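# Architecture and fold: a report
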Amino acid sequence: MLPAGLKLLLAKVETQLLSYDTELVETPIVQHAEPFLNMAGEDLRRRIFLTQSISGETKCLRPEFTIPVCSQHILDHENTPKRYAYLGQVFRQRRDGPTEFFQAGIEDLGHEDLANADATAIANAIGLVSECAVNQNVQVTMGDQAIFAAVLDALGLPKGWQARLLNAFGDQSSLDEMLLKLAKPEEQVALDGELNDIIKSENKDHLAEHLTKLMKATGYSTNASRSPADIAHRVVEKRRLSQVSLSENELAILREFLSIKISLDSAVAKLEAFASHSGLAIEPSLKSFSERISQLVAMDIDISTIGYGAAFGRPLDYYTGLVFEIIDTDTQEVLAGGGRYDRLMELLGAGKTIPAVGFSLWLDRFEVTK
């Protein structure tokens, strides 16, 4: 039986969710594990409770709602735009705290006015926290992966390095490690004989043939999870990326960008000044960023109370643009978090790209009446 205080909180959250013009949906607790393992990010992958069906399929207990809600939308052949709300239990391994707890949130699928949809998600999250975490002091922080991507592209980094850095967005230690590698390319480990020469030649077909011979000679199956062709491709691409370096000026520009932390009402001017003196052409992403802020102002959100961090991200692989969190300033725990994930619907099987943005509330971190 749920404690009385938690029951009251859940009822209050549900009422507030429905007031935001949403359709409340449910998803199965037992889910196919593959989408979470492939798309949710390393942090969540480590926490998933895995199991297996009698037919041998890898399943898991629902660790979050975004992927299940999006998958259900596709399975039901629903049209967009659509705003879904959810309220239910999720299951994650933790060192401390409960491994099953309630989450709530909204997933906004298919709205073409991206700035308005982003601003609405932030405003709804702020509204829910204000209504339901009334005794807690909070801080809102916002980032934008799309601006980081634009900076990387404007610096002329190879696509492989851009992908690496974007995957590390929001993880400062990983970003610092990668910047060190870009400052000083890795020395290649010397290999003996023919293999070393083939790798240096970067001939993927020749390398794949050589690896096939080696694998057969050592009794290693060429039908393993990675084929000789896959291994050859990865080895050559890794070698190419390891040779890339940035100049001191380019590294300084990247580090300057990542160091930007400012209130949201000053962020556009700061970013425009950065782009101007750095000589980086990032106007389209700045325009989208500015439009989102204008929409927040139109919704009567006090943007001077929101922080912007150029390096701020969240540990989920599917985000593509806006990211934000609302934390309890006393405990530093996340009460709400979300962002834009425009690639996810297509990765889950939708026939086309569907713009999407959403957020979750961590209801086990809300203070409730005992």
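Just so we're clear, the structure is a prediction, and the values are computed from it rather than from any experiment.

### A word on the overall build of the protein chain
- Regarding its fold elements, the protein chain presents 15 helices and twelve strands.
- Residues classed as buried in the protein chain amount to 47% of the 370 residues present.
- Expressed as a percentage of contacts within the protein chain between residues at least 6 apart in sequence, the contacts between residues at least 24 apart total 68%.
- If you sum the accessible surface of the protein chain, you get close to 18800 Å²; carbon and sulfur atoms cover 50% of it.

### Focus: the packing of helix 6 (residues 145-154) against helix 14 (residues 283-298)
- Running from amino to carboxyl end, helix 6 crosses helix 14 at an angle of 165°, the nearest separation of the two axes being 9 Å. For the element pair helix 6 / helix 14, the angle class is roughly antiparallel. When the axes of helix 6 and helix 14 are compared, the crossing they make is left-handed. Judged by residue contacts, Ala-146, Ile-147 and Ala-150 of helix 6 engage Ser-285, Leu-286 and Phe-289 from helix 14.

### Remarks on the nonpolar core
- Counting residues in hydrophobic clusters, the biggest one holds 106 residues, and the most contacted among them are Phe-257, Leu-264, Phe-289, Tyr-308 and Leu-361.
- With residues up to four places along the chain from it excluded, the contact list for Phe-289 reads Met-142, Asp-144, Ile-147, Leu-264, Ala-267, Val-268, Leu-271 and Tyr-308.

### Considering the sheet that holds strand 1 (residues 23-24)
- Ordered by their spatial adjacency, nine strands build an open sheet running 1-5-6-12-11-10-7-9-8, and the pairing between neighbours is mixed. Where the open sheet ends on each side, the last strands, each with one partner, are strand 1 and strand 8 (261-263).
- Its contacts with the sheet place helix 1 (residues 4-18) against strand 1, strand 5 (82-91), strand 6 (100-109) and strand 12 (356-362), and it is angled at close to 5° to strand 6.
- Relative to the sheet, helix 13 (residues 264-278) contacts strand 7 (138-144), strand 8 and strand 9 (306-309), its axis offset from that of strand 8 by approximately 125°.

### With respect to the sheet that holds strand 2 (residues 30-32)
- An order of 2-4-3 is seen for the three strands of this open sheet, with the pairing classed as antiparallel. The open sheet has two free edges, formed respectively by strand 2 and strand 3 (50-52), since each of these has just one partner strand. Between one strand axis and the next, the sheet turns by 45° as a mean value, whatever way the strands run.
- Pairing analysis gives three bridges linking strand 3 to strand 4 (residues 58-61), with the strands arranged antiparallel.

### Some remarks on the pattern of salt bridges
- A full pass over the atoms with the stated rule returns 16 salt bridges.
- Across the salt bridge formed by Glu-78 and Lys-82, the nearest N and O atoms sit 3.6 Å from each other.
- The exposure class of Glu-78 is partly exposed, given its relative accessible area of 34%.
- Among the salt bridges present, the one from Arg-292 reaches Asp-118, with a minimum N-O distance of 3.1 Å. A residue pair is termed long-range when its members are at least 10 positions apart, and Arg-292 in helix 14 and Asp-118 in helix 5 (residues 114-132) qualify at 174 residues.
- Given the relative accessible area of 4%, Arg-292 is considered buried.
- Under the relative-accessibility criterion, Asp-118 is labelled buried at 2%.
- What emerges from the salt-bridge pattern is a single network uniting Asp-118, Asp-144, Arg-292, Arg-340 and Asp-342.

### Structural notes on helix 8 (residues 172-183)
- For helix 8, built from twelve residues, the straight-helix expectation of 16 Å at 1.5 Å per residue is met to within 8% by its first-to-last C-alpha distance of 16 Å.
- Of the positions making up helix 8, those classed as buried are Leu-175, Met-178, Leu-179 and Leu-182. End-on view of helix 8: buried residues confined to an arc of 105°, all on one side of the axis. Opposite the buried face of helix 8, by more than 90 degrees, sit the exposed residues Ser-173 and Leu-180.
- For helix 8, the elements touching its buried residues are helix 6, helix 7 (159-167) and helix 12 (248-258).

### As for unusual backbone geometry
- Between Thr-80 and the following residue, Pro-81, the backbone shows a cis peptide bond with an omega angle of 5°.
- Looking at the element boundaries, Pro-81 is found in the loop between helix 4 (66-75) and strand 5.
- Residue His-77 is not a glycine yet carries a positive backbone phi of 55°.
- Looking at the secondary structure, you find His-77 in the loop between helix 4 and strand 5.
- When its relative accessible area of 69% is taken as the criterion, His-77 is described as exposed.

### Considerations on the packing of aromatic side chains
- Tallied over the entire structure, the rule returns nine aromatic pairs.
- Measuring from ring centre to ring centre gives 6.2 Å for Phe-148 and Phe-257, while their planes differ by 0°; the resulting arrangement is stacked. Taken as a pair, Phe-148 in helix 6 and Phe-257 in helix 12 lie far apart in primary sequence, 109 residues in all.
- Among the aromatic side chains, those forming a connected cluster through ring pairs are Phe-148, Phe-169, Phe-257 and Phe-274.
- Of note, Arg-94 hangs over the ring of Phe-101, and the distance from its end group to the ring centre comes to 3.9 Å.
- If you follow Arg-365 out to its NZ or CZ, it ends over the ring of Trp-362, 4.2 Å from the centre.

What counts, and where the lines are drawn
- Residues numbered from 1 in each chain as written.
- Predicted model: local features only at pLDDT ≥ 70, side-chain atom pairs only at ≥ 80, totals over all residues.
- Heavy atoms only, no water.
- Helix = DSSP H or I, 4+ residues; strand = E, 2+ residues; numbered from the N terminus.
- Buried < 20%, exposed > 50% of the residue type's maximum accessible area, 1.4 Å probe, protein only.
- Contact = heavy atoms within 4.5 Å.
- Areas by Shrake-Rupley, 256 points an atom, 1.4 Å probe, with all protein chains shown as cover.
- Axes fitted to C-alpha atoms, helices over the stretch in contact; angles between N-to-C directions.
- Parallel < 35°, antiparallel > 145°, perpendicular 65-115°, else oblique.
- Left-handed = near helix turned anticlockwise from the far one by under 90°.
- Core = buried A, V, L, I, M, F, W, Y, C linked by side-chain atoms within 4.5 Å.
- Pairing = 2+ DSSP bridges.
- Salt bridge = Lys/Arg side-chain N within 4 Å of Asp/Glu carboxyl O.
- Expected span 1.5 Å × (residues − 1).
- Arc of directions from axis to C-beta.
- Phe/Tyr/Trp six-rings, centres within 6.5 Å; stacked < 30°, edge-to-face > 60°.
- Lys NZ or Arg CZ within 6 Å of the ring centre and 35° of its normal.

These figures come from the coordinates and say nothing about function on their own.
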